[in-house]
Amino acid sequence: MIPAAFQYVKANSVAEALVLLQQHGEDAKLVAGGHSLLPAMKLRLSQPTVLIDIAAANDLKGIAVNGNTLSIGAGETYHAIASSAAVKRTCAIVADCVGQIGDIQVRNAGTIGGALAHADPAADLTAVFLALGGSVSVASASGTRQIAADDMFVAMLTTALDSGEIITTVHVPVIGAGQGASYAKLKHPASRYAIVGVAAMVSMSGGKITSARVAVTGAGPQAVRQTATEQALIGTDGGDAASKAAASKAGDDMDYLGDIHASEEYRRAMVKVYAARAISAAVAQARG
Ligand SMILES: Cc1cc2nc3c(=O)[nH]c(=O)nc-3n(C[C@H](O)[C@H](O)[C@H](O)COP(=O)(O)OP(=O)(O)OC[C@H]3O[C@@H](n4cnc5c(N)ncnc54)[C@H](O)[C@@H]3O)c2cc1C
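Residues numbered from 1 in each chain as written. Predicted model: local features only at pLDDT ≥ 70, side-chain atom pairs only at ≥ 80, totals over all residues. Heavy atoms only, no water.

J.: I'd like a rundown of the site of the ligand, residues and numbers included.
T.: Leu 30, Ser 36, Tyr 78, Thr 111 and Arg 192 are the nearest of the 30 residues found near the ligand. Here Gly 34 contributes a backbone N or O atom positioned 2.7 Å from an oxygen atom of the ligand. One of the backbone nitrogen or oxygen atoms of Ile 167 is found 2.8 Å away from a nitrogen atom of the ligand. Contact with the protein chains removes 91% of the 970 Å² of surface that the ligand exposes when unbound. Taken together, the residues of the shell around the ligand sort by class into 15 nonpolar, ten polar and five charged. (Near = heavy atom within 4 Å. Polar contact = N/O pair within 3.5 Å; in protein donor to acceptor, adjacent residues only side chain to side chain. Areas by Shrake-Rupley, 256 points an atom, 1.4 Å probe, with all protein chains shown as cover. Nonpolar A, V, L, I, M, F, W, Y, C, P; charged D, E, K, R; others polar.)

J.: Describe the pattern of salt bridges, naming the residues involved and giving the relevant values.
T.: Tallied over the entire structure, the rule returns seven salt bridges. Put simply, Asp 150 and Arg 225 hold a salt bridge, and the shortest N to O gap is 3.1 Å. On the criterion of sequence distance, the pair formed by Asp 150 in helix 9 (residues 149-152) and Arg 225 in strand 14 (residues 224-225) is long-range, its members being 75 residues apart. Ionic pairing is found between Glu 230 and Arg 225, a salt bridge with its closest N-O pair at 2.8 Å. (Salt bridge = Lys/Arg side-chain N within 4 Å of Asp/Glu carboxyl O. Helix = DSSP H or I, 4+ residues; strand = E, 2+ residues; numbered from the N terminus.)

J.: Can you tell me about the packing of aromatic side chains, naming the residues and giving the values?
T.: Tallied over the full model, the rule gives one aromatic pair. Each ring, one from Phe 129 and one from Phe 153, has its centre 6.2 Å from the other, and the planes form 75 degrees; the classification is edge-to-face. With a gap of 24 residues between them, Phe 129 in helix 8 (residues 125-132) and Phe 153 in strand 8 (residues 153-155) connect regions that are remote in the sequence. For the pair Phe 129 and Phe 153, a shared accessibility class is recorded, and that class is buried. Over the face of the ring belonging to Tyr 274 we find Arg 277, whose NZ or CZ atom lies 4.6 Å from the ring centre. (Phe/Tyr/Trp six-rings, centres within 6.5 Å; stacked < 30°, edge-to-face > 60°. Buried < 20%, exposed > 50% of the residue type's maximum accessible area, 1.4 Å probe, protein only. Lys NZ or Arg CZ within 6 Å of the ring centre and 35° of its normal.)

J.: Could you give an account of the domain arrangement of the protein chain, naming the residues involved and the relevant values?
T.: Size of an interface, as often reported, equals the accessible area lost when the parts are brought together. If you check the domain split of the protein chain, you get domain 1 (7-53), domain 2 (58-173) and domain 3 (179-287). Centre-to-centre, using C-alpha coordinates, domain 1 lies 35 Å away from domain 3. (Domains from an automatic or database assignment.)

J.: Break down the state of the cysteines for me, citing the residues and quoting the values.
T.: Across all of its chains, the model carries zero disulfides by this definition. Cysteine Cys 91 shares no disulfide, and the gap to the nearest cysteine sulfur, in Cys 97, comes to 10 Å. Relative accessible area serves as the criterion here: at 0%, Cys 91 is assigned to the buried category. (Disulfide = S-S within 2.5 Å.)

Structure below.
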């Protein structure tokens, strides 16, 4: 449980971190809250020779609402996000989700940028980010770019980020009138990681669902959208029968992980149960 030797350097801004990343190349890794990277280093699953600490970079902080978009600095902690009046008012699913992550120590240090960059198969935010159809702003030595949630999660612990890139801001839509979004998870009783987590977002008009996004985490190697469930919801009233029928299609077309906490079969069954809960709650919110 002792990590391999490493050098520690602190970056006080994104610009400083980018210079350090260029200087140290592939051997360096960013560290934000450290709650995923340090356990991996202690198990020697990750052995960076240089850690670039971005926790004090003020330009990775800030929560702002611009029109229909809520933008959260990648360095904001779960605690700050869960307590933000702006997040609760505009996109309550995000505050609710991060409030359910880990324990108080994890929520005080863990960051939204770290969670999305790490892409743990059991992470909560990955499903919420996918269901909301968010995006991240990313900076590197060669400039900036946006990555859409649909393009972000490539495989287990693997994202579309290049090694010299830093997530600077996470963007999600403001949940407006006629819309609802909810996250339901079966949590591991000790760590609170998702054994199965499902996030759903619906838009309704004239009593019918006009668009839906549903994503699952915890069950397989990476967070994935459930397009069959989404299609089954559109055009329905989102009532109990319609929600359950759509939820019964969730998880049919995905890879599963089985481990000491839950078998593949159990996760497959729970995906449908938690999809029904997330969809019902999202519909109730959309109906107002
Ligand atoms: C006991 C315990 C319980 C937990 N329970 C849960 C849970 O219930 N649900 C859950 O979702 N998670 C849980 N976690 C994980 C936690 O959410 C982590 O904090 C999170 O996964 C990573 O965020 P971090 O800021 O700590 O990232 P770090 O560990 O600092 O970094 C993780 C990875 O992201 C990279 N990185 C960090 N910031 C950036 C950035 N801005 N741009 C690009 N790359 C970046 C790092 O280089 C590293 O590769 C738990 C962790 C622990 C230790």
